[in-house]
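Structure at a glance
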Amino acid sequence: FASSCFQSAALTCSLQRSRLLCMLPAAAFAVTAPLPGWGPRLAPHSAADAAARARVATAPRAARSADRTRGGDGEADAAVVAAAALVSGATAAALLGQHTRGKRSRRAEWRRRSVAVVRQAACKDFLSFVANTGSPAHTVLESKARLVKAGFSELKSGAEWKLQPGGLYFVTSEGTSIWAFAVGGKFSPKEGGVLIAAGHTDSPCLKVRPRAKLPSNAGTVQLGVDTYGGGLWHTWFDRPLGFAGKVVVASEPAGLEEKLVRLDAPLCLIPNLAIHLQTTEERAAFSFNKETHLRPVLCKPCGSTAPASKETKDKKDKKEDDEEENLGPQQPEELLAEVAKAAGVKPEQILDVDLCLMDATPPCMVGDYVSSPRIDNVLSTWAAVDALAEFADIRSSNGGLKDSVDICCAASFDHEEVGSTSATGADSQILERWLDKALGSLGCSWSAVADRSFLLSCDCAHGLHPNYADKHQPQHQPLLGKGVVIKTNANQRYATTPILAQMVREVGKKDQVPIQEFVVRNDCPCGSTIGPLLSSQLGLRTVDVGAPQWAMHSCRETAHSADVASLQKLCLGLFKNFRAVDNSTRRL
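Residues numbered from 1 in each chain as written. Predicted model: local features only at pLDDT ≥ 70, side-chain atom pairs only at ≥ 80, totals over all residues. Heavy atoms only, no water.

Below, the discussion takes up the overall build of the chain. Tallying secondary structure elements over the chain gives 16 helices and 20 strands in all. Across the 588 residues that make up the chain, the buried fraction comes to 47%. Contacts spanning at least 24 positions in sequence make up 77% of the contacts within the chain whose residues lie at least 6 apart. Here the chain has roughly 28500 Å² of accessible surface; of this, 55% comes from carbon and sulfur atoms. (Helix = DSSP H or I, 4+ residues; strand = E, 2+ residues; numbered from the N terminus. Buried < 20%, exposed > 50% of the residue type's maximum accessible area, 1.4 Å probe, protein only. Contact = heavy atoms within 4.5 Å. Areas by Shrake-Rupley, 256 points an atom, 1.4 Å probe, with all protein chains shown as cover.)

Structure representation (structure tokens):
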């Protein structure tokens, strides 16, 4: 009898048959007494049962397949319950228990696969984003392209802003800082505030000097460069390097114009010195002089020159003498030719350059890890922009802008790596000006919403290094792949406070975002970021967070795919869930 019950159940999902039969204890097959409605061949005499068989048999295969894909068990659940009702109590309990455990296992497997799919999609999107960057201007350019695609409109700082609830906007400064915002469909100065996920657009790099042309040495063309930020400069040796940034050109009619250029083909190398030519002390220290040893070699075919004729040499000497009298910018002709080609102008039109050297090897996945240049902090910019676009998308299951009472923002500022003190840095009046202008257009002011506003300051965190575990405080060792890191410092190098940190944990909990903690050792220096600067300037509640990574400030850094997805999910959770958490929190 019980076997027939399970044969009936198996019709609901053919793949369940063997699983359900195996789950039935042997005692269930020991039913000896005939039961009402069932004949000696265990065929159902019930009209209702026959109808159920017919309905299941004609159910669309696709629907049953979809039910399996979702991890649900559909009518198989009801069949197991019916079978359990017809056997002894102990047997029924064992049967239902095994079925429940099996169902949980299947749903857990479905969730695991779903998480893996989401993680892969997030990483693929981030790799696409970072592959198009190389300078702060290109990070902003890629952000703008994605925002425009998501329906955002660009505003001009000097023009009048006419904003409305439900509107999607962004504004930039000098092409290297950006603020995007979505006005909630039910925005209310009395109930809502401004929620900001912010990062920075710059990364440590080598920058081409205004007068980068150097005397020929060893038959090569070399460039004079500045070190920007606190880079791990030894990691720049022996890597194929490209260029990205802005150039100033003479336009027609007489005028000046900025153009973006990106030369992702390898054009430069900084060669190491062979070990055989180093002293024992030099080998041990791997020491080098940043001024004289960190000069890139331009590796174009014309970069290594054959001995010139006397006539050619005389002309070149005369030109160099003329250049010595000109104290303006000077670049190697070989570099100008490549830059002009990328900018679509003639070499003689280029008046000055703002070029960053960059790793020319594309970002990639290494197993579950992301290997890429500029993870710090292009990752945070991508996460904030992507989360805002998803929240504003009415087609997305996470789209909640229509019912939001807040202004939700993604921001990214230039010059964080050198202190943020610039016209486009976080330590300027730029965000305050933008906020005043936007809120004024909506009929309110910053002071009216400041107490209900919040900043999630996103900048990468130091993940525990397997070879240098002693560099971390033992109780605060965030692991790659285990979630977003909340950064705390008693000396306010980070703006996090206990109550605000707990609120972020609650926001993360609503979307199952794992959270970790980081506190620097007392005998180590502590870095800082834009959080304390914006918090102090605006009187804005702030928590500093970041995805854990290895080799911060290296030419090429490492993060984990799970943390890429988690950071984006936390930024999205800020827009979705923070208001409810804030309203349920009692503060002093």
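Moving on to the nonpolar core. In this structure, F126, L379, F454, L456 and F575 are the most contacted members of the largest nonpolar core, which totals 58 residues. By residue number, the principal contributor to this core is helix 11 (residues 375-392), which donates 11 residues. Not counting the four nearest positions on each side in its chain, F454 is found in contact with V194, L195, I196, L500, V504, L540, R541, T542, V543, L574 and F578. Among the nonpolar cores identified, the runner-up in size contains 34 residues, and V221, Y228, V247 and L336 belong to it. (Core = buried A, V, L, I, M, F, W, Y, C linked by side-chain atoms within 4.5 Å.)

The mixed open sheet is built from nine strands, whose spatial order is 1-2-3-13-4-14-18-16-17. At either end of the open sheet lies a strand with only one pairing partner, and these are strand 1 (153-154) and strand 17 (515-518). Bridge analysis of strand 4 (residues 194-200) against strand 14 (residues 454-458) gives four bridges, and the strand direction is parallel. In the strand pairing of strand 14, I196 is matched with L455. Against the sheet, helix 11 engages strand 2 (168-173), strand 3 (177-183), strand 4, strand 13 (407-413) and strand 14, with an angle of about 160° to strand 13. Most of the contacts of helix 14 (residues 498-510) go to strand 18 (residues 542-546), to which it runs at about 55°, and overall it touches strand 14, strand 16 (484-487), strand 17 and strand 18. (Pairing = 2+ DSSP bridges. Axes fitted to C-alpha atoms, helices over the stretch in contact; angles between N-to-C directions.)

Quick look at the sheet that holds strand 19 (residues 548-550) now. The five strands lie next to each other as 11-12-20-19-15, forming an open sheet whose pairing is mixed. The open sheet is flanked by strand 11 (364-366) and strand 15 (461-462), the only strands paired with a single partner. Alignment of strand 15 against strand 19, held across two bridges, turns out to be parallel. Note that in strand 19 the partner of A461 across the bridge is P548. In the packing of helix 11 onto the sheet, the strands contacted are strand 12 (369-372), strand 19 and strand 20 (557-560), and the crossing angle to strand 20 comes to about 40°.

A separate point is the pairing of strand 16. The two faces of strand 16 match: V484 and I486 on one face and V485 and K487 on the other face are all buried. As judged from the four bridges shared by strand 16 and strand 17, these two strands associate in the parallel manner. Bridged to V484 within strand 17 is I515. One crossover worth recording links strand 16 to the parallel strand 17 by way of helix 14, and it is right-handed. Where strand 16 lies against strand 18, three bridges are found, and the strand directions are antiparallel. Among the inter-strand pairings, I486 is bridged to a residue of strand 18, identified as V545. (Right-handed = clockwise from strand over helix to strand, strands pointing away.)

In this section: the side chain of S173. Summarising the element assignment, S173 is placed in strand 2. Ignoring any residue separated from it by four or fewer positions in sequence, one finds S173 in contact with T424, I430 and W434.

Taking 1.5 Å as the rise per residue, helix 12 (residues 430-441) with 12 residues should run 16 Å; its terminal C-alpha atoms sit 17 Å apart, in good agreement. For helix 12, the complete set of buried residues consists of I430, L431, W434, L435, A438 and L439. The buried residues of helix 12 occupy one face: seen down the axis, they fall within an arc of 150°. Among the structural elements, strand 2, strand 3, strand 4, strand 13, helix 13 (446-449) and helix 15 (530-538) are those in contact with the buried residues of helix 12. Looking one or two places after helix 12, you find G443, whose phi comes out positive at around 85°. (Expected span 1.5 Å × (residues − 1). Arc of directions from axis to C-beta.)

Let us now look at the environment of D376. Relative to the helices and strands, D376 is located in helix 11. Of the residues examined, D376 reaches a relative accessible area of 2% and is grouped as buried. Taking the C-alpha atoms as reference points, D376 and S203, separated by 173 residues in sequence, lie 6.4 Å from one another. Setting aside chain neighbours within four positions, we find D376 in contact with H200, D202, S203, E417, D459, C460, Q549, M552, H553 and E557. Of note is the side chain of D376, whose polar atom sits 3.5 Å from the side chain of H200. Engagement of the side chain of D376 in a polar contact is seen with the side chain of H553, the distance being 3.1 Å. (Polar contact = N/O pair within 3.5 Å; in protein donor to acceptor, adjacent residues only side chain to side chain.)

Along the chain, D376 connects to N377 via a cis peptide bond; the corresponding omega equals 15°. Inspection of the secondary structure puts N377 in helix 11. At Q492, a position not held by glycine, the phi torsion is positive, near 65°. Here Q492 shows up in the loop between strand 16 and helix 14. Positive phi outside glycine occurs at A551, with the angle close to 60°. On the secondary structure map, A551 appears in the loop between strand 19 and strand 20. By relative accessible area, which is 35% here, A551 ends up partly exposed.

Attention shifts here to the pairing of strand 20. Side chains E557 and A559 of strand 20 all project onto a buried face; the interleaved residues T558 and H560 project onto the opposite face, where all are buried too. Two elements, strand 12 and strand 20, share four bridges in a ladder whose sense is antiparallel. Looking at the pairing, S371 lines up with T558 of strand 20. In terms of strand pairing, strand 19 meets strand 20 through two bridges, oriented antiparallel. Note that in strand 20 the partner of W550 across the bridge is T558. Linking strand 19 to strand 20, which pair antiparallel, is a turn of six residues; within it A551 sits at a positive phi near 60°.

Fair warning: the whole summary comes from geometry, so function is off the table for now.
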